[in-house]
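# What the coordinates show
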Amino acid sequence: MDIEKAIHNFKLRGFSVQHFAAGEEAAAYLCGQIRNTTVGIGGSKTADQLGLYEKLSEQNTVFWHWRVPGPETLKKANAAAVYITGANAMTEDGEILNIDGRGNRLAGQVFGSKKLYVVAGINKLCPDFSSALERARNVAAVENCKRFAGKQPCQVDGKCHDCRSADRICRALLVLWAPMMDMEAEVILIDEELGM
Ligand code: SF4
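As the structure is a computational prediction, the values presented were derived from the model and not from experiment.

Thresholds, definitions, all that
- Residues numbered from 1 in each chain as written.
- Predicted model: local features only at pLDDT ≥ 70, side-chain atom pairs only at ≥ 80, totals over all residues.
- Heavy atoms only, no water.
- Helix = DSSP H or I, 4+ residues; strand = E, 2+ residues; numbered from the N terminus.
- Polar contact = N/O pair within 3.5 Å; in protein donor to acceptor, adjacent residues only side chain to side chain.
- Buried < 20%, exposed > 50% of the residue type's maximum accessible area, 1.4 Å probe, protein only.
- Contact = heavy atoms within 4.5 Å.
- Phe/Tyr/Trp six-rings, centres within 6.5 Å; stacked < 30°, edge-to-face > 60°.
- Near = heavy atom within 4 Å.
- Nonpolar A, V, L, I, M, F, W, Y, C, P; charged D, E, K, R; others polar.
- 1 Å grid on protein atoms, 1.4 Å probe; cavity = no way out; pocket = protein on both sides within 12 Å on 5 of 7 lines; lining within 4 Å.
- Points joined across faces, edges and corners; volume = space filled by probe spheres on them.
- Pairing = 2+ DSSP bridges.
- Axes fitted to C-alpha atoms, helices over the stretch in contact; angles between N-to-C directions.
- Core = buried A, V, L, I, M, F, W, Y, C linked by side-chain atoms within 4.5 Å.

Attention now goes to the side chain of glutamate 186. When you line up the elements, glutamate 186 lands in strand S10 (residues 184-190). Of note is the side chain of glutamate 186, whose polar atom sits 2.8 Å from the side chain of lysine 115.

Structure (structure tokens):
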């Protein structure tokens, strides 16, 4: 993947970008940037791998349903000043794709917070939109589905069937073309394979 091209295009679209060799450096950067505020985290294996809940909780009030499950946590996370999400896929043209079932993670990226951080390993970067959509549906969503019990067909053969299962976890796709109005957004790119 052409990281420099992606960084250039993210910036053209209005995203700030930070690029790190390792997840630990990215986590340290975020801990330096985010202090004395409220933070919401969307479901994100990358955030989990970076230990962001534990690290950011030292200086902030952090709401994450992966640590404290329940609707109250989800509400508070979406009302926080800062929101952190992963990405299911990103394009070299600077687009960010996420699929969600409940919608909290998508909502947090488009409304409510003042600052959005998108943390992503280099494995999320795809050459174009169609390959990014393919990754979001057939890699990220299928992997994510394994975390839940259910009768989705991807649990059987590891492929997305665009199912009509009642247990379907893929209910909406968000493509960020630019930071939302009145919201800053920063992409944290890490030269490691992270997340799903
Ligand atoms: S098969 Fe259904 S639940 Fe599984 S990835 Fe596809 S749409 Fe999502």
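This next bit is on helix H2 (residues 23-33). All of the buried residues along H2 are Gly23, Ala26, Ala27, Tyr29, Leu30 and Cys31. For H2, the elements touching its buried residues are strand S1 (16-20), helix H4 (52-56), strand S7 (115-121) and S10.

This brings us to the side chain of threonine 85. With respect to the helices and strands, threonine 85 occurs in strand S4 (residues 82-85). Assessed through its relative accessible area of 0%, threonine 85 is described here as buried. A distance of 3.5 Å separates the side chain of threonine 85 from the side chain of glutamine 109, its partner in a polar contact. For threonine 85, the residues in contact, after removing those within four places along its chain, are Asn98, Arg105, Gln109, Leu116, Tyr117, Val118 and Val119.

Now for the packing of aromatic side chains. Overall, the coordinates contain four aromatic pairs when judged by the stated rule. Look at phenylalanine 20 and tyrosine 29: their rings are 5.3 Å apart centre to centre, the planes differ by 45°, and that puts the pair in the tilted class. Like phenylalanine 20, the residue tyrosine 29 is buried in the burial classification. Taking 6.4 Å as the distance between ring centres and 35° as the angle between the ring planes, the aromatic pair formed by tyrosine 53 and tryptophan 64 counts as tilted. Remark: tryptophan 64 occurs in strand S3 (residues 61-64) and tyrosine 53 occurs in helix H4; sequence separation between them is eleven residues. Assigned by exposure class, tyrosine 53 and tryptophan 64 land together as buried.

Attention shifts here to the site of the ligand. In the neighbourhood of the ligand, the contacting residues comprise Ala141, Cys145, Gln152, Pro153, Cys154, Cys160, His161, Asp162, Cys163, Arg168, Ile169 and Cys170. Grouping the amino acids of the shell around the ligand by side-chain chemistry returns eight nonpolar, two polar and two charged.

All right, on to the layout of surface pockets then. The computed volume of the largest pocket comes to approximately 530 Å³. Around the largest pocket, the lining comprises 26 residues; the ones closest to its centre are Asp100, Arg105, Asn144, Arg147 and Phe148. Elements supplying a minimum of two residues to the lining of the largest pocket: helix H3 (45-49), strand S6 (96-100), helix H6 (104-110) and helix H7 (129-145). No other element matches H7, which puts four residues into the lining of the largest pocket. Taken together, the residues of the lining of the largest pocket sort by class into ten nonpolar, ten polar and six charged.

Okay, the sheet that holds strand S5 (residues 89-91) next. Taken in spatial order, the four strands make up an open sheet running S8-S5-S6-S9, and their pairing is mixed. Two strands in the sheet have a free side with no partner beyond their single neighbour: strand S8 (125-126) and strand S9 (172-176). Examined bridge by bridge, S6 and S9 share five bridges and lie antiparallel to one another. What sits directly across from isoleucine 96, in S9, is leucine 176. Where helix H1 (residues 3-12) meets the sheet, it contacts S5, S6 and S8, and its direction lies at approximately 85° from that of S5. Along the sheet face, H7 touches S5, S6, S8 and S9 and points at about 175° away from the line of S5.

Bringing the nonpolar core into the picture now. Soluble, globular proteins show a tendency: their nonpolar side chains are buried together. Within the largest apolar cluster, 23 residues are counted, with the highest numbers of intra-cluster contacts made by Ile41, Leu52, Ile84 and Ile188. When residues in this core are grouped by element, the largest group, five residues, is from H2. Core analysis: the next-biggest nonpolar cluster, separate from the first, contains 22 residues, Ile3, Phe15, Val17 and Ile96 among them.

The next subject is the pairing of S10. When you tally the buried positions in S10, you get six out of seven residues, the bulk of the element. With seven bridges connecting them, S7 and S10 associate as parallel partners. In the sheet register, alanine 120 faces S10, and the bridge partner there is leucine 189.

Interpretation in functional terms is not warranted from these geometric data alone.
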